[in-house]
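# A look at the structure
In case you want the letters, here they are:
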Amino acid sequence: MKKTILNTLFFLAIISVVTSCKKDKDDPENPPPTGNEQEIITTLKLIFKDSANLADVRSATFRDPDGDGGLGPNIFDTIKLDANKTWLTEIVLLNETVNPVDSISNEVLEEANDHLFCYTATVNIVEIVVTDKDGNSLPIGIQSKWTTKAVGQGTVQAVLKHQPGTKNGQCNIGETDIDVTFQMQVQ
């Protein structure tokens, strides 16, 4: 009799623990975790306008039609800019795996508080300053100012970081949505 009571109490304790730890997906106090929806980015296009002559427009495109993995890019331009000028620069991001083509740039701007473009130039041929800000006055990087220096060549890396809830203006946190290193010639 004593053993039956102990087994019953043990069984009820187990049921109580299991049901108390279960999260109800409809419970507003314990919502299910939201996943980070990874964007498909097939195209990254840099558009440069000479700040002294806005009609002078240049561009460089990276296009990987099947997105990350699979086949390599079918367009991978070299950035070619004149020396000793300031270039107002904008990034256009596209998902060309869907019809109609989806502008990922708009999604990045809608979620600006979670995104940051980081730029790294390998040699001292260009200075890049991000000019756009999110709702917390932190940089976004869709728009920037590129000041070219003397003639030379090197590379510029553009990395889009996804930093939901952790964005602090630094590039060393978050997931990478796209990472492209362009060859660059200042001529």
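Residues numbered from 1 in each chain as written. Predicted model: local features only at pLDDT ≥ 70, side-chain atom pairs only at ≥ 80, totals over all residues. Heavy atoms only, no water.

## What to know about the environment of glutamine 170
Selection criterion: Note on conventions: DSSP H or I runs of at least 4 residues are helices, E runs of at least 2 residues are strands, and numbering of each starts at the N terminus. Type-normalised accessible area, obtained with a 1.4 Å probe on protein chains alone, sets the label of each residue: buried when under 20%, exposed when over 50%, and partly exposed for intermediate values.
Inspection of the secondary structure assignment puts glutamine 170 in the loop between β10 (152-162) and β11 (175-186). Here glutamine 170 falls in the partly exposed class, since its relative accessible area comes to 45%. For the pair glutamine 170 and phenylalanine 117, spaced 53 residues apart in sequence, the C-alpha to C-alpha distance is 9.9 Å.

## A word on the pattern of salt bridges
The condition that has to hold: Only one rule defines a salt bridge in this text: a Lys or Arg side-chain nitrogen within 4 Å of an Asp or Glu carboxyl oxygen.
On inspection of all chains with the given rule, the structure shows 6 salt bridges. Aspartate 82 is the salt-bridge partner of lysine 85, the closest N and O atoms lying 3.9 Å from each other. Relative accessible area serves as the criterion here: at 28%, lysine 85 is assigned to the partly exposed category. With a relative accessible area of 22%, aspartate 82 lands in the partly exposed category. The salt bridge involving lysine 167 is made with aspartate 134; its shortest N-O contact spans 2.9 Å.

## Quick notes on the nonpolar core
Filter applied, for reference: Among buried residues, the Ala, Val, Leu, Ile, Met, Phe, Trp, Tyr and Cys ones that are joined through side-chain atoms within 4.5 Å form a nonpolar core. Throughout, a residue-residue contact means that at least one pair of heavy atoms, one from each residue, lies within 4.5 Å.
Ranked by size, the top nonpolar core spans 30 residues in total, and within it Leu44, Ile79, Leu93, Phe117, Trp146 and Met184 carry the most contacts. Listing elements by their share of this core, those giving two or more residues are β1 (43-50), β2 (53-63), β4 (79-81), β5 (86-95), α2 (104-110), β7 (115-121), β10 and β11. If you tally residues by element for this core, the top one is β11, at 5 residues. Sequence-distant contacts of leucine 93, defined by excluding residues within four places in its chain, comprise Ile41, Thr43, Leu44, Asp102, Ser103, Ile104, Ser105, Val108, Phe117 and Leu160.

## Some remarks on the pairing of strand β9 (residues 143-148)
For clarity, the threshold we go by: Two strands are said to pair when DSSP picks up at least two bridges between them.
Where burial is concerned, the two faces of β9 differ: the one with Ser144, Trp146 and Thr148 is buried and the one with Gln143, Lys145 and Thr147 is not. Two strands pair when backbone bridges link them, and β5 and β9 are joined in this way by 5 bridges, in the antiparallel orientation. By the bridge assignment for β9, tryptophan 87 is matched with tryptophan 146. Bridging between strand β8 (residues 126-130) and β9 involves 5 bridges; their strand directions are antiparallel. Counterpart to glutamate 127 in the pairing with β9 is threonine 147.

## Focus: the environment of asparagine 106
Take asparagine 106: it is sitting in helix α2. The class of asparagine 106 is partly exposed, set by a relative accessible area of 44%. Put simply, asparagine 106 and valine 92 are 14 residues apart on the chain and 8.9 Å apart in space, counted from C-alpha to C-alpha.

## Considering the sheet that holds β11
Definition in use: In this description, a line fitted to the C-alpha atoms serves as the axis of each element, helices being fitted only across the stretch in contact, and the angle between N-to-C directions of two axes falls anywhere from 0 to 180 degrees.
The strand order β4-β11-β10-β7 describes an open sheet built from 4 strands, whose pairing is mixed. This sheet does not close on itself; its edge strands, each paired only once, are β4 and β7. Adjacent strand axes in the sheet meet at a mean angle of 25 degrees when their direction is disregarded. Judged from the 3 bridges that link them, β4 and β11 form a sheet pairing that is parallel. Each residue of the ladder has a partner; that of leucine 81, found in β11, is valine 186.

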